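Architecture at a glance
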Amino acid sequence: MVATSTVLIAGFGDIGERVARALSPSHRVMALIRNPDRQVGVAGAGAQPLLGDLDDVASLEAIAGLASTVFHFAPPPNSGADDPRTANLLIALSAGVLPRQVVYISTTGVYGDCKGEWIDESTGLNPESDRGRRRVAAEQRLNVWARENGVKLAILRAPGIYALNRLPLERIRARTPAITSAEDSWSNHIHAEDLARAAVSAYAFLASGKSHIDQLVFNVVDDSQLKMGDYFDLVADHFNLDRPPRVSRIDVEPQVSSAMFSFMRESRRIRNNKLKATLDFSFNYPTVGDFFAGLAKSGALSRGETLPR
């Protein structure tokens, strides 16, 4: 029988660890990992490690009927237009008592290039890269499975995730160019801690029974209004680094990876009204500027605390 206080986190990276730390005082938290060397670190975050590989459905037998809530944070593979990892997870979950709710972190890349227009959750999906197509495939599979099995589902569409240890410092130090302001794309951001808090809030909302809709979608983006090059400039300024050179869009393409260029060519501004209103959510870091202002006030930047090289 499913224990109401047990949650399973599939994809135990930075966000998974933050969710585990938030929930472990009041929940039994299980973390699905494929590398046994990570077991000590997982336990340190307050979770119990469970070995399994989403690329190998036979290794996932232990998760069937294990938890009433599943946090699905595992990314798709790096190639193709589908997400077999989500398929394998759902096969394994279907073998036992089903969870009551699932929270999935997707990407705002599912919207494709919106030419800088403001969009919200009602905007149609138009992925223009395999990266986005894989996420659309995962969302669609989750929606069908949840609807057919009576499982509540929250899909959180996240943009570029940042934190002190998740900043583009190496890119800036390498003098990788950005696009001139007139041609640049609007970017969107969320601090890792706020994304984890949003995942916990979505779970609590689904579990409370307050929602009359069993499949919910939220854009989890902060209030920043930054073009991509301006974001790089902001990071560079706060670490006393030279700002990246600016070149035309056509000139930047051969100087960056195809994956990076797929991010740089998509421009959209994303509203977060639904997140705030439905979940009564407020950000610890409303904008990237607020994050850096807090660092400067704390003295962390001048002390060089945990700054990646």
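Refer to the structure above for everything that follows.
Here goes a summary of the coordinates provided. (Residues numbered from 1 in each chain as written. Predicted model: local features only at pLDDT ≥ 70, side-chain atom pairs only at ≥ 80, totals over all residues. Heavy atoms only, no water.)

Some points on the overall build of the protein
In terms of helices and strands, the protein carries twelve helices and 15 strands. Here the C-alpha radius of gyration of the protein, 20 Å, is about what a compact globule of 309 residues would show, namely 19 Å. In terms of its C-alpha atoms, the protein occupies a principal-axis envelope of roughly 60 × 45 × 35 Å. Burial statistics for the protein: of 309 residues in total, 51% are counted as buried. When contacts within the protein are restricted to residue pairs at least 6 apart in sequence, those whose partners lie at least 24 apart make up 77%. For the protein, the exposed area adds up to about 13,700 Å²; of that, 49% sits on carbon and sulfur atoms. (Helix = DSSP H or I, 4+ residues; strand = E, 2+ residues; numbered from the N terminus. Rg over C-alpha atoms; globule rule 2.2 N^0.38 Å. Buried < 20%, exposed > 50% of the residue type's maximum accessible area, 1.4 Å probe, protein only. Contact = heavy atoms within 4.5 Å. Areas by Shrake-Rupley, 256 points an atom, 1.4 Å probe, with all protein chains shown as cover.)

Some remarks on the environment of P76
Within the secondary structure layout, P76 lies in the loop between β4 (67–72) and α3 (84–93). Sequence separation between P76 and D55 is 21 residues; the distance between their C-alpha atoms is 9.8 Å. If we ignore the near neighbours within four places in the chain, the residues touching P76 are D83, R85, R134 and R135.

Remarks on the nonpolar core
F12, V19 and F71 are the most contacted members of the largest nonpolar core, which totals 38 residues. Secondary structure elements with two or more residues in this core: β1 (3–10), α1 (14–23), β2 (28–33), β5 (101–107), β7 (152–158), α6 (192–208), β12 (215–219) and α10 (273–279). A per-element tally of this core places α6 first, with nine residues. Grouped together as the second largest cluster of nonpolar side chains are 26 residues, A10, V102, W145 and V217 included. (Core = buried A, V, L, I, M, F, W, Y, C linked by side-chain atoms within 4.5 Å.)

Let's talk about unusual backbone geometry
In this structure, R175 is a non-glycine residue whose phi angle is positive, near 65°. Position of R175 relative to the elements: it lies in the loop between α5 (169–173) and β9 (178–179). Despite not being glycine, D280 shows a phi value in the positive range, around 50°. Position of D280 among the secondary structure elements: in the loop between α10 and α11 (288–298). Residue D280 is classed as exposed on the basis of its relative accessible area, which comes to 69%.

Observations concerning the packing of helix α7 (residues 228–238) against α11
Running from N to C, α7 and α11 point in directions that differ by 5°, and their axes come no closer than 11 Å. When the interaxial angle is binned, α7 and α11 end up roughly parallel. Of α11, the residues touching α7 (which contributes Y231, L234, V235 and H238) are V288, G289 and F292. Classifying every residue of the contact of α7 with α11 gives five nonpolar, two polar and no charged. (Axes fitted to C-alpha atoms, helices over the stretch in contact; angles between N-to-C directions. Parallel < 35°, antiparallel > 145°, perpendicular 65-115°, else oblique. Nonpolar A, V, L, I, M, F, W, Y, C, P; charged D, E, K, R; others polar.)

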